[in-house]
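Below are the chains, spelled out letter by letter.
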Amino acid sequence: MDIQEAYQALGLDPGVDDARLKAAWRRLVSAWHPDRNKSAEAARRMAHINKAYDHIRQIRSGVSVPSDTEAPAPADTSDASETAETFEARTESRTVHLTLDQAVLGCVRSLRGRFTHGCRACEGQGQRVLDSACQACAGRGSVRRAALFGWLWTQEDCADCAGQGRAREVCGDCGGAGERSVKYRRSVRFPAGVRAGDVLTVPSTRHEGFELSLELRVEFEPHPFFILDEAGLRCEMPVDGYAWMAQRWVDVPVPGGVQQMRLQREALVYRLRGQGFPLTPKGERGDFIVKVLPQFPEDEDEAVQEALDRLVAASARAAEAQARSPLGEWRRRLGQWQPKLGD
Ligand SMILES: [Zn+2]
Ligand SMILES: [Zn+2]
């Protein structure tokens, strides 16, 4: 590629200044970048544009380049951000809300978002200055305005060209906004044992000239059943008092679902081994602590009263049959007791 071809590739005259050279290159990159331009020739055009731009910059900076070589340009470390292949680094910080089930078991979340950046084609101006003269002021940059019934004239800066005298057009890349927004979508794996306040850094991916990293701060959603504190993952649940006395099975919520647990008479706190929060990230799971709160009806109806009477009678018979039971022994001693009330 000779220098004439390089300028032609960017649609410029060799006399163009550095700022406009850079603006033209950015405009073309923005139009032909394969991330955005899905046409078959995008990659080839992109390479051609970058090669032309690098070539011109090398000539301008006084670096001699053998014209017959296809080798990539030597890295310009003094101004690396302007080499054609460089992607601008960008970090987006956001908060991700996880449920405690997701934190205990680990999960994959699909994250969508967008970030905005200054438009490269117009360098954030929203419009581009053209070579042609401004029509409103015929290139003078100022307009005359009649004052005092035409007796006087005043000179004012032309509003259309901000006094510069050159025509302008709205930037087609950003529609005049001066900035563009880039959408991203990432699938992110959160490891089992991630905690509220943890910050995960997701390796960068490329989006429209940006090297995008995500910095994700984890927060927990309030859980309908679980509490996580220093003691570990726990749950408090009301149970039927009679079912508790009868040592029945009950459904217990555990991370990821519901499982059955057998109630034990007198026991109020249960530890489900290996069902709790991971002790270390990705590590072994601790115990899940279930505290049961036995509930008895405030007003027992007739059917319950009769059943309780039968139950108490049957229980008393069973105690009598076992003479050495603590209850049988107690009753025997209570029956013999003569309280001493005086000498
Ligand atoms: Zn623009
Ligand atoms: Zn003007």
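Residues numbered from 1 in each chain as written. Chains lettered and ligands numbered in written order. Predicted model: local features only at pLDDT ≥ 70, side-chain atom pairs only at ≥ 80, totals over all residues.

**Q** So what's going on with the overall build of the chain? Which residues, and what values?
**A** A tally of helices and strands in the chain yields seven helices and 15 strands. What you see for the chain is a C-alpha radius of gyration of 40 Å, clearly larger than the 20 Å of a compact globule of 343 residues, by over 25%. In terms of its C-alpha atoms, the chain occupies a principal-axis envelope of roughly 130 × 70 × 45 Å. Looking at the chain as a whole, 15% of its 343 residues are labelled buried. Restricting the contact set of the chain to residue pairs at least 6 apart, pairs at least 24 apart contribute 60%. (Helix = DSSP H or I, 4+ residues; strand = E, 2+ residues; numbered from the N terminus. Rg over C-alpha atoms; globule rule 2.2 N^0.38 Å. Buried ≥ 20, exposed ≤ 12 C-beta atoms within 10 Å, placed from the backbone. Contact = placed C-beta atoms within 7 Å.)

**Q** Requested: an account of the sheet that holds strand E15 (residues 288-295), with residues and values cited.
**A** Read from one edge of the open sheet, four strands run E10-E11-E15-E14, paired in mixed fashion. The sheet is open, and its two borders are formed by strand E10 (226-229) and strand E14 (269-272), each paired with just one other strand. Ignoring which end each strand starts from, the neighbouring axes of this sheet average 30° apart. When E10 meets strand E11 (residues 232-240), the two strands line up antiparallel, connected through four bridges. What sits directly across from Phe 226, in E11, is Cys 235. (Pairing = 2+ DSSP bridges. Axes fitted to C-alpha atoms, helices over the stretch in contact; angles between N-to-C directions.)

**Q** Before we move on, could you go through the packing of helix H2 (residues 18-32) against helix H3 (residues 42-60) and cite the residues and values that matter?
**A** Running from N to C, H2 and H3 cross one another at 165°; their axes reach a closest spacing of 9 Å. As the angle between them shows, H2 and H3 are arranged roughly antiparallel. Crossing handedness for the pair H2 and H3: left-handed. Here Leu 21, Trp 25, Leu 28, Val 29 and Trp 32 of H2 lie close against H3, whose contacting residues are Ala 42, Arg 45, Met 46, Ile 49, Tyr 53 and Ile 56. When grouped by side-chain class, the residues that make up the contact of H2 with H3 number ten nonpolar, no polar and one charged. (Parallel < 35°, antiparallel > 145°, perpendicular 65-115°, else oblique. Left-handed = near helix turned anticlockwise from the far one by under 90°. Nonpolar A, V, L, I, M, F, W, Y, C, P; charged D, E, K, R; others polar.)

**Q** Break down the nonpolar core for me, citing the residues and quoting the values.
**A** By size, the foremost hydrophobic cluster in this structure holds 16 residues, and its most contacted members are Ala 103, Val 104, Leu 233 and Val 290. Mapped onto this core, the elements with two or more residues apiece are helix H4 (100-105), E11, strand E12 (249-254) and E15. Counting contributing residues, this core receives three or more from each of domain 2 (87-119 + 180-222) and domain 4 (226-295). In this structure, Val 104 is in contact with Ala 192, Leu 233, Pro 255, Phe 277 and Pro 278, ignoring residues within four places of it in sequence. (Core = buried A, V, L, I, M, F, W, Y, C linked by C-beta atoms within 7 Å. Domains from an automatic or database assignment.)

**Q** Tell me about the pairing of strand E4 (residues 142-147), and please be specific about residues and values.
**A** Here E4 lies mainly on the outside; zero of its six residues are buried. By the bridge criterion, six bridges tie E4 to strand E5 (residues 152-157) in an arrangement that is antiparallel. Across the sheet, Arg 144 pairs through a bridge with Gln 155, a residue of E5.

**Q** Tell me about the confidence of the model for the chain, residues and numbers included.
**A** Detailed reading of the predicted coordinates is not advisable wherever pLDDT falls low. Of the residues in the chain, 92% have a pLDDT of 70 or more, and the chain-wide mean is 85. At the low end of the mean pLDDT range in the chain sits H3, at 79; at the high end sits E12, at 97. In this model, residues 63-83 is a region of pLDDT below 50 whose contacts with residues beyond four sequence positions or in other chains number ten contacts. (pLDDT = per-residue confidence, 0-100.)

**Q** Which residues make up H3, and what are the values?
**A** For H3, with 19 residues, the first-to-last C-alpha span of 27 Å sits near the 27 Å given by 1.5 Å per residue. For H3, the set of buried residues is Ile 49, Asn 50, Ala 52, Tyr 53, Asp 54, His 55, Ile 56 and Arg 57. Contact partners of the buried residues in H3: helix H1 (3-9) and H2. (Expected span 1.5 Å × (residues − 1).)

**Q** So what's going on with the sheet that holds strand E1 (residues 88-98)? Residues and values would help.
**A** The strands making up a sheet associate through hydrogen bonds between their backbones, and the pairing can be parallel or antiparallel. The three strands lie next to each other as E1-E9-E8, forming an open sheet whose pairing is mixed. Taken across any chain shown, the strands that pair with only one partner, and hence form the sheet edges, are E1 and strand E8 (199-207). Each strand of the sheet is rotated relative to its neighbour by a mean of 25°, with strand direction disregarded.

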